[in-house]
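# Descriptive analysis of the structure
Read off the chains here:
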Amino acid sequence: MAYTVPKLTDYSAAALEKKASQLLSALKDESTAVKTESDYEAFRVRWAGRKDSVRTQVNELWLKAAPKEAKRAAGQLVNEVILPGIDGELRDRHDHINNLAVLKKARAEGIDAEIDAARRALELSDSVDITLPGIRRPIGAEHPIIKTRNEIVSVFERLGYSVAEGPVVETDYYNFEALNFPPNHPARDTQDTLFIAGQQSKPQRERLLLRTHTSPVQIRTMEKMRPPIRIVIPGKVHRNDPPDASHSPMFHQIEGLAVDTNITFGDLKGTLDHAMKALFGSNVKTHFRPSFFPFTEPSAELYVTCFICGGSGKRGPDPCRPCKQTGWIEVLGCGMVDPNVFEFVKDNGYDPKQVSGFAFGMGVDRLALLKYGVDDIQLFFQGDVRFLQQFG
Ligand code: PHE
């Protein structure tokens, strides 16, 4: 028998509660039978339509008909329990039949990932139907950038380095000033910095920006740890570069820093040569070219023999593109820590007369591109499962 709203004679709290729970359980029962959009429409009209619906009858028979002294209790019940109950059930059931329709469409199209997603949404919107087959939960794959990052980090861990991290939103002080970029120095312009808005009222060194490199964590770490230190610093960095096949406004770096007494450029060369061989194979050759960074002196760029063409500059009869036919690929910037940088952390044991050190910073995304032969950096950040699955 379909539910009809009864007249009330007894307005005690217990009686009201009993009638409300009968109504709500009838609502639930009828809702379960709603499977299509047209079922739903009939269901909606019957329970919440403007005329002669359960909703209007409850208003008439339970509220308006209530004697004065019971109006308050009846009103509370109708407005806080029954009407929200009807609205909520209608909404849930509508979501549910939408999900059913999405599942039906996904099944017709035969796309596994979409079938699973629709099944999951449906499961959330319905009580469990134990006769359905289980849901396959695909196992994720490590992202190629994370994989490359972990490989690089573990090469250095095996050399006794530890891992440090720092904030992505950085102050001008750590990103520039303490790295020997004086205020207004033209070298700052080479970093295409993205600044946080509304910082003009602060003193320059406190202004916030998105760090353009992981080097600020050199300073942060030296402020906290006394020498000797050997650390690698993986992390996200940002630059105002328009996205294209080889640029992304967000990318990843791994910084390295070793400080001790008597660290020499020979240590820098030996460490990086070892790391490159561990990463790219023992056949790889390294080559240092002079460069400039405000926070290292002398500075260099490290090149390795192209691991695509093996250093020949050719792939079969064709020119090798990744190394632009030179046979060499630039992988990082490095150098001996500039004494001016130590001055900023002198009080924590970094007297430039006592200690020396080297630092380096490499682009993880670039290395991942080269390693996996991917020709567009954007693919790493679009979250397309078909691309990412290939690295699983
Ligand atoms: N921070 C530099 C960059 O992003 C790289 C670097 C790090 C150079 C450490 C020297 C020493 O270009």
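Quick look at the structure, then. (Residues numbered from 1 in each chain as written. Predicted model: local features only at pLDDT ≥ 70, side-chain atom pairs only at ≥ 80, totals over all residues. Heavy atoms only, no water.)

Assigned secondary structure in the chain consists of 12 helices and 11 strands. With the C-alpha coordinates of the chain rotated into their principal frame, the extents come out at 95 × 55 × 35 Å. Out of the 392 residues belonging to the chain, those deemed buried represent 42%. Intrachain contacts of the chain at a sequence separation of at least 6 include 65% that bridge at least 24 residues. Carbon and sulfur atoms form 52% of the exposed surface of the chain, whose accessible area is close to 21500 Å². Considering the chain, the positive charge centre built from 50 side chains and the negative charge centre built from 51 side chains are found 3 Å apart. (Helix = DSSP H or I, 4+ residues; strand = E, 2+ residues; numbered from the N terminus. Buried < 20%, exposed > 50% of the residue type's maximum accessible area, 1.4 Å probe, protein only. Contact = heavy atoms within 4.5 Å. Areas by Shrake-Rupley, 256 points an atom, 1.4 Å probe, with all protein chains shown as cover. Lys, Arg positive; Asp, Glu negative; His and termini not counted. Charge placed at Lys NZ, Arg CZ, Asp CG, Glu CD.)

As for its placement among the helices and strands, Thr171 is situated in strand β2 (residues 169–171). Classification of Thr171 as buried rests on a relative accessible area of 18%. In this view, Thr171 contacts Arg205, Glu206, Arg207, Leu208 and Leu209; residues no more than four positions away in its chain are not counted.

What follows is about the environment of Lys71. Tracing the backbone through its elements, the reader meets Lys71 in helix α4 (residues 71–109). Each C-alpha atom, one on Lys71 and one on Tyr11, is 9.1 Å from the other, the two residues being 60 residues apart in sequence. Residues contacting Lys71, with those up to four places away along its chain left out, are Leu63, Lys64 and Ala66. There is a polar contact of 3.4 Å between the side chain of Lys71 and the backbone oxygen of Lys64. (Polar contact = N/O pair within 3.5 Å; in protein donor to acceptor, adjacent residues only side chain to side chain.)

Read these as layout, nothing more, since geometry by itself doesn't imply function.
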